[in-house]
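Notes for the structure review
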Amino acid sequence: MKKKITLAALATSLMVYLLSSCYQNKEDILELPRVSFRNEVVPIVTAGPCGCHNTSVNVRAVLFSDQRTNTIFFDAILARRGAFGSWVNGGTHPGAGAIDFSPTEKNIIKKWIDQGEPYDDGAGCTVSGNLTYTADIVPIYNTSCKGATCHGGIAAPIDYAKFVAKKDVLLTILNSGGNQGHPGGALSLTTCTVNKMKAWIAQGQPQ
Amino acid sequence: MQAASLFLGVFFLSASLLQCTKDGELVKNLDRSYTGGPDSTVYAAFYESNTVATADVVPDVNDVIKMRGVQTIIHEYCNTSNCHGGPIAPRFEIYSQIMQYVKPGDPEGSKLWEYITTNDFDNAMPPVNSNYELSTRDKSIVYNWIKNGAKERPDLNDFRPAAIRVLVDGCSSANCHNTATATGGWARKGLISGLASADTTQFTYINPTTGSVTVYCQLSNQTLRNQVWTAYKDSVKRFYADTVANASFRPWKTVSTPVSALSTRGPLNNYDDILMDILYPKSVRTVSSVVYTDPVTLKGYYVRGNPLVATDCFVRRMDSTLIYRNPLTLVETSVSGNMAYDDGGFKPSEVALFKAWYFADPNIPDVWKYGNANVGIFKYRKTGNYIIKR
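Residues numbered from 1 in each chain as written. Chains lettered and ligands numbered in written order. Predicted model: local features only at pLDDT ≥ 70, side-chain atom pairs only at ≥ 80, totals over all residues. Heavy atoms only, no water.

**Some remarks on the overall build of chain A**
- For chain A, the helix and strand inventory stands at nine helices and two strands.
- Helices and strands in chain A line up, N terminus first, as α-α-β-β-α-α-α-α-α-α-α.
- Classification of the 207 residues of chain A by burial places 43% in the buried group.
- Looking at chain A alone, contacts between residues at least 24 apart form 57% of all its contacts between residues at least 6 apart.
- When the accessible surface of chain A is totalled, it reaches about 10,200 Å², and 57% of it is carbon and sulfur. (Helix = DSSP H or I, 4+ residues; strand = E, 2+ residues; numbered from the N terminus. Buried < 20%, exposed > 50% of the residue type's maximum accessible area, 1.4 Å probe, protein only. Contact = heavy atoms within 4.5 Å. Areas by Shrake-Rupley, 256 points an atom, 1.4 Å probe, with all protein chains shown as cover.)

What follows is the structure, encoded as structure tokens:
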């Protein structure tokens, strides 16, 4: 009898131990999911409060998306990570005006910037075939580099000749994901853009 | 045997108790808390889809607000087939089930909120080792939905702050409908005595698509521009509050004419600005010819006496599914919606949000919603049905 009680007690103790072990693998949990660029940041800047950047009919600002074709220009958004960073820390929208991110949006953008890398900018795109300046690089330039406070505005425009002459600078920028080499400060570039521009350079920068 | 069993029993019991309170080195960095506070401008509804009260018989494209809702969030995170949507109780499918864990108005006192934000591993939901965690955006929707009363369907208190925020930020950006640009334009045109171009800051905008260059001015001094704009608004309100008494007074300045045919966009910096634009549309405050000449000063005024003769209005510029007709003459105007589609880049859900707010807001008189005697001034293009008060 005593032996049975002892065994039962032992079995119960073991069960308690096992059942309470749901979170035994705590050391596996390194961090919580980070702020998603695509699911949290992009919706902020492609919504109505940033409407001027999302019209495509009567363009008044650098476009973040094209409503008609339902296209999002991730590069153009990523490239302005620095501007968003200064804005959520007391800066103002370029060109003045009375707009601001809401407190909730600031909270999300701050967390996104604080976490470092852009995160989930996509695995890139398949780059194949022959790339040309006119067909492949100009569209990137128009959406990611051009603007009133960027190239073609307060900074000099970049044409084909300059892209060729400044190939080394461009490579430095691309190889660092935009963090180094850009005279106007750090950029953020999508994996797709980096891959495409590097492939174009590797092909000899055809016009 | 007995001693060994006793030892093992004590060991397992102690181990289980100790591990429950264990803080691992790596775990201490976890933080599930929500750092944001209440934000009434976050549109936070229970259902992902809400049809506006004035929708056509078959809701048109701008009649349905489709924005991420609490039910969808809870379904995604909790109601999966291997959890509360499957073998594990309780269920979180419908409003009444979810409300068992919600204290309306009090997120911090709600079990639902506690589960999704606590750092207590044993109470956290979804379980922290599931690597499944509500995003900051989703937490803000759940938080503000509870804070705003955890209603099954949104009402004016949800529509208005969210709609005004989208409108203010969407319309008053850099060189558009803001006080700085309007007053800067007036100063540049010499409409404000004592002020000139030198009092403004110039901005150059280069259109990235066409390369066209626009230079615009903003009055640099914020105090001054607020004074100028407030004085203008007061003059408009005073005039239209009693046009007979103020017949020779007229609004302080017209928006643009007669100095230039170019329009200086009217500010939409806040709710009051938007209301003024609805009640006294720009098409009556600024017209292209002299409507009234002061018999004493012989000064010409480019403003109409009755705001209801407006040929254009807020809803017409926002919603391309509706045809507007003048409340007095009942003459129809062309369809527009250009401020939503061409300029503002508003999405159908946002236009629906504007409509939900507009027709629910008691500060907007019925005549600007349904016309005189409820005859209707907004007609659905597809069906010809007028929006009337029911």
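**What to know about the layout of surface pockets**
- In this structure, the second largest pocket occupies an estimated 950 Å³ of space.
- In this structure, the second largest pocket is lined by 36 residues; those nearest its centre are Pro43(A), Ile44(A), Ala47(A), Arg137(B) and Glu350(B).
- A total of six residues in the lining of the second largest pocket trace back to one element, the largest contributor, which is helix H2 (residues 37-45) of chain A.
- Class assignment for the residues of the lining of the second largest pocket results in 14 nonpolar, eleven polar and eleven charged. (1 Å grid on protein atoms, 1.4 Å probe; cavity = no way out; pocket = protein on both sides within 12 Å on 5 of 7 lines; lining within 4 Å. Points joined across faces, edges and corners; volume = space filled by probe spheres on them. Nonpolar A, V, L, I, M, F, W, Y, C, P; charged D, E, K, R; others polar.)

**Quick word on the environment of Pro267(B)**
All names here are of chain B.
- Assignment of secondary structure puts Pro267 in the loop between helix H8 (222-241) and helix H9 (271-279).
- Overall, the relative accessible area of 4% leaves Pro267 in the buried class.
- For the pair Pro267 and Cys171, spaced 96 residues apart in sequence, the C-alpha to C-alpha distance is 8.4 Å.
- Excluding its chain neighbours within four sequence positions, the residues that come into contact with Pro267 are His177, Asn178, Thr179, Ala182, Trp229 and Asp273.

**Examining the confidence of the model for chain A**
All names here are of chain A.
- Taken as a whole, chain A shows an average pLDDT of 78; of its residues, 76% reach a score of 70 or greater.
- Considering each helix and strand of chain A separately, the mean pLDDT is smallest for helix H1 (residues 2-19), with a value of 62, and largest for helix H7 (residues 160-165), with 93.
- Segment residues 21-25: pLDDT under 50, and eleven contacts once partners within four positions in sequence are set aside and those in other chains are kept. (pLDDT = per-residue confidence, 0-100.)

**Here we look at the packing of helix H4 (residues 81-88) of chain A against helix H5 (residues 103-114) of chain A**
All names here are of chain A.
- Close contact between H4 and H5 brings their axes to 10 Å; oriented N to C, the two are set at 125°. One finds that H4 runs oblique with respect to H5. Where H4 crosses over H5, the two elements pack in a sense that is left-handed. Residue-level inspection shows Arg81, Phe84, Gly85, Trp87 and Val88 of H4 in contact with H5, the latter providing Lys106, Ile109, Lys110, Trp112 and Ile113.
- Counted by class, the contact of H4 with H5 contains six nonpolar, one polar and three charged residues. (Axes fitted to C-alpha atoms, helices over the stretch in contact; angles between N-to-C directions. Parallel < 35°, antiparallel > 145°, perpendicular 65-115°, else oblique. Left-handed = near helix turned anticlockwise from the far one by under 90°.)

**Here's the deal with the environment of Val62(A)**
- Relative to the assigned elements, Val62(A) resides in the loop between H2 and strand S1 (65-66).
- Relative accessible area serves as the criterion here: at 9%, Val62(A) is assigned to the buried category.

**Regarding the confidence of the model for chain B**
- Averaged over all residues, the pLDDT of chain B is 85; the fraction at 70 or higher stands at 88%.
- Note on residues 20-26 of chain B: pLDDT is under 50 here. Beyond four places in sequence and across chains, it has eight contacts.

**Digging into the pattern of salt bridges**
All names here are of chain B.
- Taken as a whole, this structure holds 24 salt bridges over all chains when the rule is applied.
- A salt bridge links Lys382 to Asp60; its shortest N-O distance comes to 3.2 Å. Of the two residues, Lys382 sits in the segment after strand S8 (378-380) while Asp60 sits in the loop between strand S1 (49-51) and strand S2 (64-66), which places them 322 residues apart along the sequence.
- We note a salt bridge from Arg68 to Asp138, for which the minimum N-O separation is 2.7 Å. Pair noted here: Arg68 is in the loop between S2 and helix H2 (70-78) and Asp138 is in helix H5 (residues 136-147), with a separation of 70 residues, a long-range link.
- Assessed through its relative accessible area of 18%, Arg68 is described here as buried.
- Accessibility expressed as a relative area gives 3% for Asp138, which makes it buried.
- Linked by salt bridges that have partners in common, Lys233, Lys237, Asp272 and Asp273 make up one network. (Salt bridge = Lys/Arg side-chain N within 4 Å of Asp/Glu carboxyl O.)

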